[in-house]
Structures are given as structure tokens and as C-alpha cells.
Amino acid sequence: MDLSCTPEEEDFRARLRRWLGEVLPRLPDPPAATDWPGRRAYDTAWQRMLYDAGYAGLHWPRDAGGQGATPAQHLIFLEETERAGAPYVGANFVGLLHAGPTLAAEGTAGQRARWLPPILRGEEIWCQGFSEPDAGSDLAALRTRAVRDGDTYIVSGAKIWTSHAEVADWCELLVRTDPDAPRHRGITWLAMPMDAPGVTVRPLRTLAGSTEFAEVFLDEVRVPVANRVGAENDGWRVTMVTLSFERGTAFVGEVVACRRVLGALARAARANGSWDDAVLRRRLGRLSAEFTALWRLTQWNVSEAMRGPARGGGPGGVPGTGGSVFKLRYSHARQELYDAAAEVLGAGALDTDHAWVADRLSSLSYTIAAGTSQIQQNIVAERILGLPKGR
């Protein structure tokens, strides 16, 4: 496998570096982590800058409003924006990395035309309404009901861990439309407007003090049937497309960030003398190898997704089960990275003003987010290794 860049790709990298060097110094200071209206404004303004410069949806197919970039260009973009300290997708996360790609792969032409351009321009924010109080990792146990009434569904139920709900315009929502069907059937994927009557949002404060998650209560909310993505009762299949993006390509920028953090950690160890500890050096060396391997796996997953066939008649490939391999190992490697940071920083690791403290607390959630590690192990065992299902 040839991982070197072509002259055209190196030219793309140079142009991107020049643009980042011009625009980043002009950005205002980011808002406080607890200021979600401010963060929404900041994140969507950055997304609009990317759109105007031709970098929004870089790897999305042109038919979906993207730039149709190659996998190599997509990865170069991630490397260079992280290296330059550019803003991350932030509040745009669900729209750009989950709902948008799902709509590109599964939506009708009208749905793609309605929802994808505002996502790319940073005009509309999406949240994810999958988990429920009694159906987290066991997603197929969801009980939020949707009863069809003519051209609308009447939705009642509750969701939890709804990412960015308090600032979202739309929700990618899973509902049960056939309560008598087997639990992996009878589920439907809807796009629900968050300003619809009957929607109540209650933010949840995380261990790190942020409120990017929320409880969402739905009391006879009317959602147009036209907002259904895929066929009625075919939502589980559509959901697997969404989760393939979430596990397969949504975390790729964070691998670059972890490699940067690891470099900073090694410099801190040299500065405070902990580098003299041979055990610590071996630990950092092993982590370096881990994240290098994860980056190579990322390159493979992104390339496979871009080459893969479209689903549901829409444009764009969908990541495969290799995303579960990546997500499983990345979740634990990220936690190990911040364990090592605590070892290097010593008492400084307890300083709540230290930027790495919030990242360490956040890392604890990664073995749960986007499907627990136990779920990923089952997927790897059954779908990749062909082992029999557990009983």
C-alpha cells in the first residue's frame, strides 16, 4: 500500500496551510465551554468560513453538496486543521458526521436538497435522539412510540444523552412504529424539528461541567411522514448506516489530536525530568505506536468508505465493520493516553484549570459513547471473525 502523497495532494496541503495561516489569526477567542449558545455561534461561523472557502463537506460526494475530495485529501485536511489548531466541528458534530452522511446515503433527492446545504453552511444544528433511559446500549429496546395519523406521526416518549439538544434545530430520532414486530424491526428513523410543540429539553451536566447532552421529552409531537428517512419499520437498517459513520469515520480528527497531545506530553516529560524514567518512556513509546497504527487504520477505513457502494440509492459509500475495530481500540488508547498524562504531570494533573483535565474526564465516556466496548467486541466477534452469537 502506497501511503505517500501525490504532487496534487501536496499542492492541496500547501494551499490549505496558506488559507489556515490567513484566517485563524483573525478568529475571535472561543466562548466558555458552558456557553452553548455562544459555542453554537462560534462553531457555525467557522463552518460558514469553511463553506465559503470550499472546504465544507470536503469528502462528501458532489451530488450531496460536497467537494468530492479523495480520501487522501480528506485526511490531509484533518491533519492540517488539527496541526494548525483550527476549531473542531463542535456543535456541528451530529449534522456533519452522523445525520448528514446518513441523509446523503439514505435520503431522497428532496431530503438531501432540504437538509444537506444548511448543514454544510452551518445554518442548522442537529442532535441525536437514539438512547433512552431504559434503552442505551440495548438500542433495539427503545420504546418511544410513533403512531401514524394521515401525513404525520404522533410521537411520544423520552430520550437521553441527546447530543447538543439545547442548541439544535433538528433531531435524528429513532421511534417504534410497530410495537408488535420483533424488536430490531418496527423501528423508523425520523428527522424531527426541535421547535415542534410537545418537545421539552432538559440539559444534563456532565462530570466535566458541560451540558452537551440533554434529556428530551416528547409529548404527542407531530412529525411529517415526509421527514422519514428510509421506509417505515426499516429504521434499524438506516440506524446501522448512521452508527457506521459514527464509529468508522467520525472520530478520525480525534486521532490526530491524540497524536498531538502525545507529542506535547513527551515534551513535558523532558522538561520536568520524568523522561528519565525508562518505564514511562516505554509507555509513551507504546502509545506512539498505538496511535500510529490507529491512524493507518483510519486511512484504511476512510478509503474503504469512499470506495464502498452507496446505500438506498443515495450517493456516497458507508463505512464497514472495520469501524468497530477502530472504535474499540481507540476508546481504550485515549484513556491510556490521559492516564499517562497524569503520571507525567503529577499533582498538576489535578489542577482543574488544566486543559488536559477536561479531556481526561471526557475520555472516560469513550468506552460507552457510540456503542459500548462490549457491543463493539460482539460486532468484531460475530461480523468479522464469524464466531457464533453468544447466548
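Our subject is the structure listed above.
Here's a quick rundown of the structure.

1. Structural notes on unusual backbone geometry
Now for step 1: Positive phi, normally seen in glycine, also occurs at histidine 164, with a value near 65 degrees.
Now for step 2: With respect to the secondary-structure elements, histidine 164 resides in the loop between strand S3 (152-159) and strand S4 (170-176).
Now for step 3: Histidine 164 sits in the buried class, given a relative accessible area of 9%.
Now for step 4: The backbone of glutamate 220 shows a phi angle near 50 degrees, a positive value even though the residue is not glycine.
Now for step 5: Along the polypeptide, glutamate 220 turns up in strand S7 (residues 213-224).

2. A short note on the packing of aromatic side chains
Now for step 1: Summed over all chains, the structure comprises eight aromatic pairs.
Now for step 2: Pairing tryptophan 161 with phenylalanine 213 gives two aromatic rings, centres 5.8 Å apart and planes at 85 degrees, and the pair type is edge-to-face. With tryptophan 161 in the loop between S3 and S4 and phenylalanine 213 in strand S7, this residue pair connects regions lying 52 residues apart in the sequence.
Now for step 3: Taken together, the ring pairs in this structure connect Phe12, Trp19, Trp46, Tyr55 and Phe77 into an aromatic cluster.
Now for step 4: One Lys or Arg, arginine 39, reaches over the ring of tryptophan 36 and ends 3.9 Å from the middle of that ring.
Now for step 5: In this arrangement the basic side chain of arginine 270 is found over the ring face of tryptophan 275, its NZ or CZ atom lying 4.1 Å from the centre.

3. A few points about the pattern of salt bridges
Now for step 1: Here the structure, examined in full by the defined rule, presents 22 salt bridges.
Now for step 2: Aspartate 52 serves as the salt-bridge partner of arginine 48, at 3.1 Å between the closest nitrogen and oxygen. Of the two residues, arginine 48 and aspartate 52 are both situated in helix H2 (residues 36-53); the distance of four residues between them amounts to about one turn of the helix.
Now for step 3: Judged by relative accessible area, arginine 48 falls into the partly exposed class, the value being 33%.
Now for step 4: Its relative accessible area of 53% is what places aspartate 52 among the exposed residues.
Now for step 5: A salt bridge links aspartate 149 to arginine 222; its shortest N-O distance comes to 3.0 Å. Separated by 73 residues along the polypeptide, aspartate 149 in strand S2 (residues 145-149) and arginine 222 in strand S7 bring together distant segments of the chain.

4. Some thoughts on the environment of arginine 185
Now for step 1: With respect to the helices and strands, arginine 185 occurs in the loop between S4 and strand S5 (187-193).
Now for step 2: For the pair arginine 185 and aspartate 234, spaced 49 residues apart in sequence, the C-alpha to C-alpha distance is 6.7 Å.
Now for step 3: With residues up to four places along the chain from it excluded, the contact list for arginine 185 reads Arg176 and Asn233.

5. Some words on the side chain of arginine 176
Now for step 1: For arginine 176, the position within the fold is in strand S4.
Now for step 2: Once residues lying within four places of it in the same chain are set aside, the contact partners of arginine 176 are Ala140, Ala141, Leu142, Thr144, Arg145, Ala146, Pro182, Arg183, Arg185, Gly186 and Ile187.

6. Some thoughts on the nonpolar core
Now for step 1: Core analysis: the largest hydrophobic core is formed by 68 residues, its most contacted members being Trp19, Trp46, Tyr55, Trp126, Trp189, Phe291 and Leu337.
Now for step 2: If one sorts the elements of this core by residue count, helix H9 (residues 322-345) sits on top with eight residues.
Now for step 3: Every residue in contact with phenylalanine 291, bar those within four places of it in the chain, is listed here: Val255, Cys258, Arg259, Leu262, Tyr330, Ala333, Arg334 and Leu337.
Now for step 4: The next biggest cluster of nonpolar side chains, apart from the first, holds 24 residues, and it includes Tyr153, Val199, Leu218 and Val221.

7. Focus: the environment of arginine 13
Now for step 1: Considering the arrangement of structural elements, one finds arginine 13 in helix H1 (residues 7-23).
Now for step 2: Once the C-alpha coordinates of arginine 13 and glutamate 79 are considered, the two residues, 66 residues apart in sequence, prove to be 9.4 Å apart.
Now for step 3: Among the polar contacts listed, one links the side chain of arginine 13 to the side chain of glutamate 80, at a separation of 2.7 Å.

8. Remarks on the pairing of strand S1 (residues 126-129)
Now for step 1: By the alternation rule, side chains of S1 split into Trp126 and Gln128 and Cys127 and Gly129, which are all buried.
Now for step 2: Where S1 and S4 come together, four bridges link them in parallel fashion. Counted as the bridge partner of glycine 129 is leucine 173 from S4.

9. A short note on helix H5 (residues 109-121)
Now for step 1: For H5, built from 13 residues, the straight-helix expectation of 18 Å at 1.5 Å per residue is met to within 8% by its first-to-last C-alpha distance of 18 Å.
Now for step 2: Along its length, H5 reaches its greatest deviation from straightness, about 25 degrees, at tryptophan 115, and the proline proline 117 lies no more than four positions downstream.
Now for step 3: Of all the residues in H5, the buried ones are Gln111, Arg112, Trp115, Leu116, Pro118, Ile119 and Leu120.
Now for step 4: Against the buried residues of H5 lie H2, helix H4 (93-106), S1, S4, S5 and strand S8 (228-229).
Now for step 5: Once H5 ends, the next one or two residues include glycine 122, with phi positive near 75 degrees.

10. Observations regarding H1
Now for step 1: The terminal C-alpha atoms of H1 lie 25 Å apart, and with 17 residues this matches the ideal 24 Å at 1.5 Å per residue to within 8%.
Now for step 2: Turning to H1, its buried residues number three or more, namely Glu9, Phe12, Arg13, Leu16, Trp19, Leu20 and Val23. The arc enclosing the buried residues of H1, seen along the axis, measures out at 130 degrees, which places them on a common side. Exposed positions of H1 whose direction lies more than 90 degrees from the buried face are Pro7 and Arg18.
Now for step 3: In this fold, the buried residues of H1 make contact with H2 and helix H3 (71-83).

The rules behind these values
Residues numbered from 1 in each chain as written. Predicted model: local features only at pLDDT ≥ 70, side-chain atom pairs only at ≥ 80, totals over all residues. Heavy atoms only, no water. Helix = DSSP H or I, 4+ residues; strand = E, 2+ residues; numbered from the N terminus. Buried < 20%, exposed > 50% of the residue type's maximum accessible area, 1.4 Å probe, protein only. Phe/Tyr/Trp six-rings, centres within 6.5 Å; stacked < 30°, edge-to-face > 60°. Lys NZ or Arg CZ within 6 Å of the ring centre and 35° of its normal. Salt bridge = Lys/Arg side-chain N within 4 Å of Asp/Glu carboxyl O. Contact = heavy atoms within 4.5 Å. Core = buried A, V, L, I, M, F, W, Y, C linked by side-chain atoms within 4.5 Å. Polar contact = N/O pair within 3.5 Å; in protein donor to acceptor, adjacent residues only side chain to side chain. Pairing = 2+ DSSP bridges. Expected span 1.5 Å × (residues − 1). Bend = angle between axes of the 7 residues up to and from the residue. Arc of directions from axis to C-beta.

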